[in-house]
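Single-letter residue listing:
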Amino acid sequence: MTDTGLIFTGVSAVFFMALVGWISWLKTRGTADSKDGYFLAGRGLGATFIAGSLLLTNLSAEQLIGLNGSAYGYNMSSMGWEVTAAIATIAMALVFLPKYLAGAFTTLPGFLNDRFDPVVRRMSVVLFMLGYGLVTIPSVLYSGSVAVLLLFDIPGLTGLDYFTALAATVVAIGVTGSVYAIFGGLRAVAVSDTLNGAGLLIIGILVPVFGLIALGDGEFGAGLAKLGGEHTDKLNAIGNADAPTPFGTLFTGMIFANLFYWCTNQYVIQRTLGARSLAEGQKGVLFSGFFKILVPFMMMIPGVIAYHLYGPELGTIDEAYPRLIRDVLPVYLSGFFLAVLLGAVFSSFNSLLNSAATLFSLDVYAPTRESARGVPVDDAELVRVAKIASLVIALFSFVVAPMLYFAKDGLWQIIRVFTGFYNIPTVVIVIVGLFTARVPALGAKIVIVFHVVTYGLLRFVFDEAVTLHFLHQYAILFVIEVGIMLICGWLRPREEAWKFTRNEQVDLTPWPFAKPLAVTLASCVVSTYLLFSPLGAASADGPGALFAVLIGALIAANLALWALSLRSNASHLG
């Protein structure tokens with residue numbers, strides 16, 4: 001890129017980011033002074049902001065780089081992490097969210113304190129804080145910095161060596177991204193997320209389009225024909241045992257990993273806890289599920305295109321997407337792309353900071369101070385402590401993020417392996433806690449300790465002896481840990497059965513179309529897998545008659561379901 005191009009890119013990126021910041025400020029002035037205002041956006045988020053914030057919280061540079069890299073180096077099998085997440089959003093909308101809103105919970109550990117005891121609350125906070133601080137937040141900063149480095153040749157421009165340039169970029173991105181979380185609270189995060197989400201969708205569509213035009217030597221149709229006619233194994237999402245995500249794992253550990261992320265992970269569910277009603281929350285969560293269906297097209301197809309253009313010659317698989325962007329995206333869009341990329345990084349980063357600060361303030365600081373003083377901590381003090389906690393966590397992440405440079409197996413796999421330390425025990429104790437009444441706190445404590453020790457041994461001591469895929473290990477550990485909790489409930493049940501305490505602060509009337517939309521969403525999951533399978537695009541001969549019949553049957557079933565649903569709701573309203 002020429003000097004003029006770099007200047008144009010920088011100026012236009014600053015313009016777009018400033019525009020997002022200005023609109024976010026206008027929408028959030030004076031809303032972050034109270035506890036509910038800062039941590040839950042005043043319990044006033046509508047479906048649009050919930051869906052937009054969920055989308056940008058979930059999708060960041062780690063997906064842009066990691067998923068495209070996986071498609072470039074292997075095949076489409078890693079789309080399982082994204083597409084099947086739609087099923088978890090259904091569980092969140094129909095099962096978990098009604099419970100969370102009925103209890104007016106601000107944090108998940110707050111629920112665990114109510115269901116079990118303060119020790120379980122503190123243990124869960126430790127799991128979340130370590131996971132966020134050592135893995136999730138640094139990975140967001142690292143992946144965004146790598147993208148900027150590769151796209152704009154920061155080492156060449158500054159004369160710094162790669163690692164030093166990486167560290168400097170991490171700090172620059174981190175400092176800018178911290179502003180939203182520290183000063184604006186959750187509402188500022190949600191508004192900026194939604195605006196950046198619109199930009200991400202635009203870029204997500206344009207990149208594969210420009211990539212196919214490049215692949216077809218200037219013709220989109222020729223590029224599409226080449227994509228579907230050559231190296232069709234790259235379009236196969238039905239991964240074998242050697243694929244990054246074997247197909248069988250979708251029915252074992254993948255289920256529980258997604259349930260954790262979408263139903264029990266504080267930094268994801270926090271924006272749903274801020275919904276102004278159950279209906280708005282359900283709409284927002286389900287709409288975000290449909291966005292997940294688009295991920296393979298926006299964030300994996302470019303990786304396949306990169307393989308067609310460059311072959312296997314790139315140094316690492318994580319270079320595929322940045323190289324494609326650098327080669328096919330017009331200069332006039334480069335600033336917009338940089339703004340969207342940084343917006344996605346800022347979104348995930350500041351969402352994590354906001355949630356980590358929420359956990360510290362409400363589940364560590366407040367209980368400790370209230371115990372010492374004997375009186376509740378006022379809102380102003382909690383907000384002030386949250387801002388300080390955000391700053392400390394951000395500084396810590398600046399140190400850890402550059403260390404991911406030394407991860408040799410690729411960013412995507414590193415993240416997925418290490419989140420295993422806290423995702424399964426969390427989803428186990430939440431599910432058992434919600435749906436049983438006699439299981440004691442002892443069961444939750446045993447499960448947390450057992451999981452951390454066992455998973456650590458499996459991954460780092462017996463990793464050569466135990467070759468079972470880590471997602472299958474997730475499923476086995478889930479079953480064992482549920483068994484541990486149920487046995488504890490049988491041997492040492494609570495003296496008094498736990499009763500769910502309702503604390504309704506928003507309208508809990510369900511959205512009447514939540515269930516039929518959930519069925520349609522599940523049908524889209526099945527359809528996407530049919531498309532990226534040997535029955536569909538992964539066939540050398542293209543989709544066949546069986547593919548058409550199966551897709552037609554799904555469409556017909558959904559049309560019939562919606563006709564019945566619309567008739568039923570019209571009759572009910574009448």
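Going by the structure above, here's the rest.
What you see is a predicted model; the values in this text were computed from it and never measured. (Residues numbered from 1 in each chain as written. Predicted model: local features only at pLDDT ≥ 70, side-chain atom pairs only at ≥ 80, totals over all residues. Heavy atoms only, no water.)

Draft legend 1. Structural view of the overall build of the protein. Scanning the protein for helices and strands turns up 24 helices and zero strands. Within the protein, contacts between residues at least 6 apart in sequence are counted, and of these 85% link residues at least 24 apart. (Helix = DSSP H or I, 4+ residues; strand = E, 2+ residues; numbered from the N terminus. Contact = heavy atoms within 4.5 Å.)

Draft legend 2. Representation of unusual backbone geometry within the structure. At D217, a position not held by glycine, the phi torsion is positive, near 55°. Residue D217 is classed as exposed on the basis of its relative accessible area, which comes to 69%. (Buried < 20%, exposed > 50% of the residue type's maximum accessible area, 1.4 Å probe, protein only.)

Draft legend 3. Fine view of the environment of Y267. Tracing the chain through its elements places Y267 in helix α13 (residues 266-273). Note: C-alpha distance between Y267 and L353 (86 residues apart in sequence) is 8.5 Å. Non-local contacts of Y267, meaning those with residues more than four positions away in its chain, are made with T57, Y132, T136, Y261, S351, L352 and S355.

Draft legend 4. View of the environment of W498. Within the fold, W498 resides in the loop between α22 (470-491) and α23 (514-531). The class of W498 is buried, set by a relative accessible area of 10%. Put simply, W498 and R438 are 60 residues apart on the chain and 6.5 Å apart in space, counted from C-alpha to C-alpha. Leaving out residues up to four positions away in the same chain, W498 has contacts with F111, D114, R115, G433, L434, T436 and A437.

Draft legend 5. Quick look at the pattern of salt bridges. Applying the stated criterion across every chain, the model contains seven salt bridges. Linking K292 and E82 is a salt bridge whose minimum nitrogen-to-oxygen distance equals 2.1 Å. Taken together, the positions of K292 in helix α14 (residues 278-299) and E82 in helix α5 (residues 80-83) put the pair 210 residues apart, joining distant regions of the chain. Taking the shortest distance from any N to any O, the salt bridge between E280 and R276 comes out at 3.7 Å. The exposure class of E280 is buried, given its relative accessible area of 14%. (Salt bridge = Lys/Arg side-chain N within 4 Å of Asp/Glu carboxyl O.)

Draft legend 6. Examining helix α8 (residues 118-152) more closely. If you check α8, its first and last C-alpha atoms are 49 Å apart, about what 35 residues at 1.5 Å a residue would give, namely 51 Å. Along α8, the sharpest change in direction is near 45° and occurs at Y132. Counting buried residues in α8 gives 26 out of 35 residues, a clear majority hidden from the surface. For α8, the N-terminal capping position is held by D117, with its side-chain oxygen 3.0 Å away from the main-chain nitrogen of V119. (Expected span 1.5 Å × (residues − 1). Bend = angle between axes of the 7 residues up to and from the residue. Polar contact = N/O pair within 3.5 Å; in protein donor to acceptor, adjacent residues only side chain to side chain.)

Draft legend 7. Highlighting helix α20 (residues 423-435). Across its 13 residues, α20 extends 19 Å between first and last C-alpha, which sits within 8% of the 18 Å expected from 1.5 Å per residue. Here α20 lies mainly inside the structure; eleven of its 13 residues are buried. Every buried residue of α20 is accounted for by N423, I424, P425, T426, V427, V428, I429, V430, V432, G433 and L434. Among the structural elements, α6 (85-103), α7 (108-115), α8, α12 (253-264), α21 (441-460) and α22 are those in contact with the buried residues of α20.

Draft legend 8. Molecular detail of the environment of F478. As for its placement among the helices and strands, F478 is situated in helix α22. A C-alpha to C-alpha distance of 7.5 Å links F478 and P425, two positions 53 residues apart in sequence. Excluding its chain neighbours within four sequence positions, the residues that come into contact with F478 are F256, I424, V427, V428 and I431.

Draft legend 9. View of the packing of helix α4 (residues 61-73) against helix α15 (residues 301-310). Two elements in contact, α4 and α15, have axes whose closest approach is 7 Å; the angle formed by their N-to-C orientations is 45°. The angle between the axes of α4 and α15 places the two elements in the oblique class. The crossing of α4 and α15 is right-handed. Along the contact surface, α4 presents N68, A71 and Y72, while α15 presents I301, P302, G303, V304, A306 and Y307. When grouped by side-chain class, the residues that make up the contact of α4 with α15 number seven nonpolar, two polar and no charged. (Axes fitted to C-alpha atoms, helices over the stretch in contact; angles between N-to-C directions. Parallel < 35°, antiparallel > 145°, perpendicular 65-115°, else oblique. Left-handed = near helix turned anticlockwise from the far one by under 90°. Nonpolar A, V, L, I, M, F, W, Y, C, P; charged D, E, K, R; others polar.)

Draft legend 10. Main features of the packing of α12 against α20. Packing of α12 against α20 brings their axes to within 9 Å, and their N-to-C directions diverge by 70°. In terms of orientation, α12 lies roughly perpendicular with respect to α20. For α12 against α20, the interelement crossing comes out left-handed. Contacts between α12 and α20 pair F256, A257, L259, F260 and T264 from the former with N423, I424, T426, V427, V430 and I431 from the latter. Grouping the constituent residues of the contact of α12 with α20 by class yields eight nonpolar, three polar and no charged.

Draft legend 11. Just the packing of aromatic side chains, in detail. Throughout the structure, instances matching the rule amount to 22 aromatic pairs. A ring pair is formed by F256 and F478, whose centres lie 3.8 Å apart and whose planes are at 15°; its orientation type is stacked. With F256 in helix α12 and F478 in helix α22, the pair connects residues that are 222 residues apart, well separated along the chain. Across the pair, exposure class does not vary: F256 and F478 are buried alike. Here the aromatic rings of Y261 and W262 are separated by 5.4 Å at their centres, their planes lie at 65°, and the arrangement is edge-to-face. Given the relative accessible area of 14%, Y261 is considered buried. A residue is classified by how much of its surface remains accessible, and W262, at 4% relative accessible area, is buried. Ring pairing ties together the aromatic residues W81, F421, Y455, F460, F470 and Y474, which thus form one cluster. Its end group placed over the ring of F500, K99 keeps NZ or CZ at 5.0 Å from the ring centre. The ring centre of Y310 lies 4.3 Å from the NZ or CZ of R323, which sits over that ring. (Phe/Tyr/Trp six-rings, centres within 6.5 Å; stacked < 30°, edge-to-face > 60°. Lys NZ or Arg CZ within 6 Å of the ring centre and 35° of its normal.)

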